[in-house]
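Fold and geometry: a report
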Amino acid sequence: MNVLVYNGPGVSQTSLAYTLSALKALLLPHFAVQTVTSAVLSSQPWPDTCALLVIPGGRDLPYVSSLAPATPQIRAYVERGGAFLGICAGAYYASRRVEWETGSAVEVAGERPLAFFDGVCRGSVYPNFAYESESGARAVAVEDLASGEVVRGMYHNGGGEFVGVGAGATATVTALAKYMEGEGEGKVAAVHCRVGKGVAVLWGAHPEYALTAEPLLSALKKRTDPLTEDEIRDSEACRWKTLRRTLTLLGLKVPGEKEDSNKSITSPLPQFLTSLFPALPTRVYDLLTTVGQATSTSTAEPRVRQEANDVFRLHPSSISASLLLSEARNRPEDPENLQLPKDIVFFRNGELPPDELTPKFSVSRYYKFLSDARVSHKTREQDGSSWGIGDLFLYGEAVTSTQTLFDRNPSFMRALPAPLLSLASHQLSGRGRGSNAWVSPEGCLQFSLLLRCKLSEFPASRLVFIQYVFALAVVEACRELLGQAGDRVRLKWPNDIYAVVDVAGEDGRMKAEKKKIGGILVSTNFSGGEVDVVIGCGLNVLNPLPTTSLSQLDPTELLMEKTIATIMVVFEGMWERFVSSRGSFESFMDLYLERWLHSDQLVTVTTVSPPVAVRIIGITPDYGLLRTMPENGQGGFIDLQPDGNSFNMMAGLIASKT
């Protein structure tokens, strides 16, 4: 499940950064934390996978205008059981009425549409606020009313109080915290509001800001009773407890303090290039270091290769693997870590990294499952002269993105031999279709596969079918792994993997619902009569609840290594058939339509004016378009491209992708 943090007009980038940092520190790996825009909130089916929507600090008036198209969706999401967190300006925006700096030149007053807090949020609680300035920022004492603990230095800069809320609780509103000093003494600083079946927590102050960093450090110095280092440390610990309680009240599972010692990885770790073909890693190293872009002062030192998006350090021997991994794990948390050179360690002559270096994925076990699957499928006989899909394998426990490693470094990609599989246990900035982000919490299998075709043998017009063939291979592999339960794994056009799961309805009866468990992204790059194809895939395999994954379809233990090996072997057989037929999808069509969710489905196409109700018939065999027929029987087919359209299956809408 996703935790979505709004980023758009009015958002304070400082509040946004601290909000993201705090949420990731507390919620990973149980939830994926990412930003979201107003366009997505107003037009995409985000509520299906959203555990919490957050509006951070900033300016309330820009929120009113920029989020106006999304307001009905946000309100409906919470009323139907969703969770909302508003901080400072986000709290003003979510109250029924705002009264801010009334009587002054910067007065803001008026009704607000969300009204999660059905009352007035009034501010600024503490005086001397100034736009785009820290001059009015204060470090104020705030009491957590549940525990009685006090954060003696919570950041405040223009925030409000919740008028008319007593120390107790009403049927819909409970006071969570109060200001403890100065002009704000006794005023309510945070509230918990029941909204339909959902919940909202609103904070007037900023619990996301760390006491140990700017701008709060400077605000602490303004206090008439400066805090000692011990008091700052104690207040910082209390702040984290308050944040945990806030998220728990919003219905999120928050890892305990013991789990926090196993904190999420925020820096890329070294990647290990391996193959059971002994000479293959050496061949790759030579290709990458002899094209004029790699430099070093010694053959024993790593070669540095500067690319369009990344800098790579190519380590010729596995002897450095343990030290590199230790150094990377111990880096201080810093967003700039994503820009550091990417280390690739070459394991030569059939050597594989020991499981101690790759605790989340056993490379040796992967190769065993790959061999076993080939025997089971009778797909290819290894004669030592050529390798198949999955035999050349690049693994990293944490990378920025397996997809951008290839397609945003085109000369690096062209120098690599294909096929090559790149897999990561964690992606720090994964890519999805269009401008979407593919986030990867614990238990998600994410990988990219580099293929290369000669255009003389494979018409460019047939490249669109690659996403369909690969999606079909993933579904067939899942069905093989899960047995009878695999019948619940299905295809959603154009490139998503869904599971049909049983959930309890409002009446307590079980009903079938469709939940997304994976997605596929295909990118291409043309050069010298060839096309490089990068297939990216994310598949929920072992994700804990509430995220839907394969493991919830069958209690049988699944293994990441076996899952990816099975996908590679199933796809290998399909790919060979696909290429030999020059990209014809004909031999796959019947099985694809049997596995998808859409046969005879009635949907509304909004890409035409006026919108038209149509029934889905299938896929065109020439260009892979979605073929539909008007429900009223008037006119001919309406064919839709997979790129440029968004299919909201749950709402039965096909619209232009934004």
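Coordinates for the structure precede this section.
Conventions and cut-offs
- Residue indices begin from 1 for each chain and proceed along its sequence in written order.
- Side-chain atom pairs in this predicted model are given and counted only at pLDDT of 80 or more, local residue features only at pLDDT of at least 70, and totals for whole chains, interfaces and linings cover all residues.
- The side-chain numbers reported here are obtained from all heavy atoms of the structure, hydrogens and water having been left aside.
- Only DSSP runs of H or I covering at least 4 residues are called helices, and only runs of E covering at least 2 are called strands; the numbering of each starts at the N terminus.
- Two things to know: the radius of gyration comes from C-alpha atoms, and the globule rule equals 2.2 Å times the number of residues to the power 0.38.
- Working definition: with a 1.4 Å probe on protein chains only, accessible area under 20% of the residue-type maximum means buried, over 50% means exposed, and in between means partly exposed.
- We call two residues in contact whenever any of their non-hydrogen atoms come within 4.5 Å of each other.
- Distance and chemistry together define a polar contact, namely a pair of N or O atoms within 3.5 Å, with one atom able to donate a hydrogen and the other to accept it when in protein, and with adjacent residues in sequence counting only for side-chain atoms on both sides.
- By this rule, a helix spans an expected 1.5 Å times one less than how many residues it contains.
- Fitted lines through C-alpha atoms serve as axes, helices being fitted only where they are in contact, and the angles separating the N-to-C directions of these axes extend from 0 to 180 degrees.
- In this scheme, roughly parallel covers angles under 35 degrees and roughly antiparallel covers those over 145, while 65 to 115 is roughly perpendicular and the rest are oblique.
- The sense of a crossing depends on the near helix, which, turned anticlockwise from the far helix by less than a right angle, makes the crossing left-handed and, turned clockwise, makes it right-handed.
- Think of it as three bins: nonpolar holds Ala, Val, Leu, Ile, Met, Phe, Trp, Tyr, Cys and Pro, charged holds Asp, Glu, Lys and Arg, and polar takes everything else, Gly as well.
- The arc in question is the one spanned by the directions pointing from the helix axis to the C-beta atoms.
- Aromatic rings from Phe, Tyr and Trp, with only the six-membered ring used for Trp, were paired whenever their centres fell within 6.5 Å, and each pair was classed as stacked if the ring planes differed by under 30 degrees, edge-to-face if by over 60, and tilted otherwise.
- Whether a charge lies above a ring is judged from NZ of Lys or CZ of Arg, which has to be within 6 Å of the ring centre and within 35 degrees of the ring normal.
- Put simply, a salt bridge is a Lys or Arg side-chain nitrogen that is within 4 Å of an Asp or Glu carboxyl oxygen.

A count of helices and strands for the protein gives 15 helices and 31 strands. Here the protein has a C-alpha radius of gyration of 27 Å; the compact-globule value for 658 residues is 26 Å, and the two agree. Structurally, the protein occupies a C-alpha span of about 80 × 75 × 45 Å along its principal axes. Within the protein, the proportion of its 658 residues that are buried is 53%. Counting only contacts in the protein whose residues sit at least 6 apart along the sequence, the fraction spanning at least 24 positions is 68%.

Inspection of the secondary structure puts Thr14 in helix H1 (residues 13-27). For Thr14, a relative accessible area of 36% gives the class partly exposed. Distance from Thr14 to Tyr209, taken between C-alpha atoms, is 8.9 Å for residues 195 residues apart in sequence. The contact partners of Thr14, leaving out residues within four places of it in the chain, are Tyr209 and Pro215.

Structurally, the position occupied by Thr628 is in strand E28 (residues 626-630). Side-chain polar atoms of Thr628 contact the backbone oxygen of Ile638, separated by 2.7 Å. Excluding residues within four positions of it along the chain, Thr628 makes contact with Val614, Arg615, Ile616, Ile617, Phe637, Ile638, Asp639 and Leu640.

With that settled, consider H1. Look at H1: 21 Å from first C-alpha to last across 15 residues, which is about the 21 Å you get at 1.5 Å a residue. For H1, every residue scored as buried is listed here: Ser15, Leu16, Tyr18, Thr19, Leu20, Ala22, Leu23, Leu26 and Leu27. Those residues of H1 that are buried lie in contact with strand E1 (2-6), strand E2 (32-36), strand E3 (50-55), strand E4 (83-87) and helix H7 (229-249).

This part takes up the packing of helix H13 (residues 465-482) against helix H14 (residues 560-580). At a minimum axis distance of 8 Å, the contact between H13 and H14 shows a crossing angle of 135°. The orientation of H13 with respect to H14, classified from their angle, is oblique. When you trace H13 past H14, the crossing you get is right-handed. On the side of H13, the interface is formed by Phe465, Ile466, Val469, Phe470, Leu472, Ala473, Val474, Glu476, Ala477, Glu480 and Leu481, while H14 contributes Lys562, Thr563, Thr566, Ile567, Met568, Val570, Phe571, Met574, Trp575 and Phe578. Taken together, the residues of the contact of H13 with H14 sort by class into 16 nonpolar, two polar and three charged.

For the rest of this paragraph, the subject is helix H8 (residues 280-289). Since there are 3.6 residues in each turn of an α-helix, residues three or four apart along the chain are aligned in direction. All of the buried residues in H8 are Leu280, Pro281, Val284, Tyr285, Leu288 and Thr289. Down the axis of H8, the smallest arc covering the buried residues is 160°, so these residues share one side.

Moving on: the packing of aromatic side chains. Throughout the structure, instances matching the rule amount to 35 aromatic pairs. Arranged with centres 5.2 Å apart and planes meeting at 20°, the rings of Phe361 and Tyr395 form a pair that is stacked. With Phe361 in the loop between strand E18 (342-346) and helix H10 (363-377) and Tyr395 in strand E19 (residues 392-399), this pair connects stretches of sequence that are 34 residues apart. Comparing Phe361 with Tyr395, the two get one shared label, buried. Feature note: the residues Phe447, Phe458, Phe465, Tyr468, Phe470, Phe571, Trp575, Phe578, Phe585, Phe588, Tyr592 and Trp596 constitute an aromatic cluster, connected by ring pairs. When the ring centre of Trp240 is taken as reference, the NZ or CZ atom of Arg239 above it lies at 4.7 Å. Positioned over the ring face of Tyr285 is Arg348, at 4.7 Å from the centre of the ring.

One pass over the full model with this rule turns up 39 salt bridges. Taking the shortest distance from any N to any O, the salt bridge between Glu149 and Lys241 comes out at 3.5 Å. Note that Glu149 is positioned in the loop between strand E8 (138-144) and strand E9 (150-156) and Lys241 in helix H7, a separation of 92 residues in sequence. Owing to a relative accessible area of 30%, Glu149 belongs among the partly exposed residues under this scheme. Here Lys241 falls in the partly exposed class, since its relative accessible area comes to 39%. Close ionic contact of Glu181 with Arg223 constitutes a salt bridge, the shortest N to O distance being 2.8 Å. Of this pair, Glu181 sits in the loop between strand E11 (173-179) and strand E12 (188-195) while Arg223 sits in the loop between helix H6 (216-221) and H7, and the two are 42 residues apart along the sequence.

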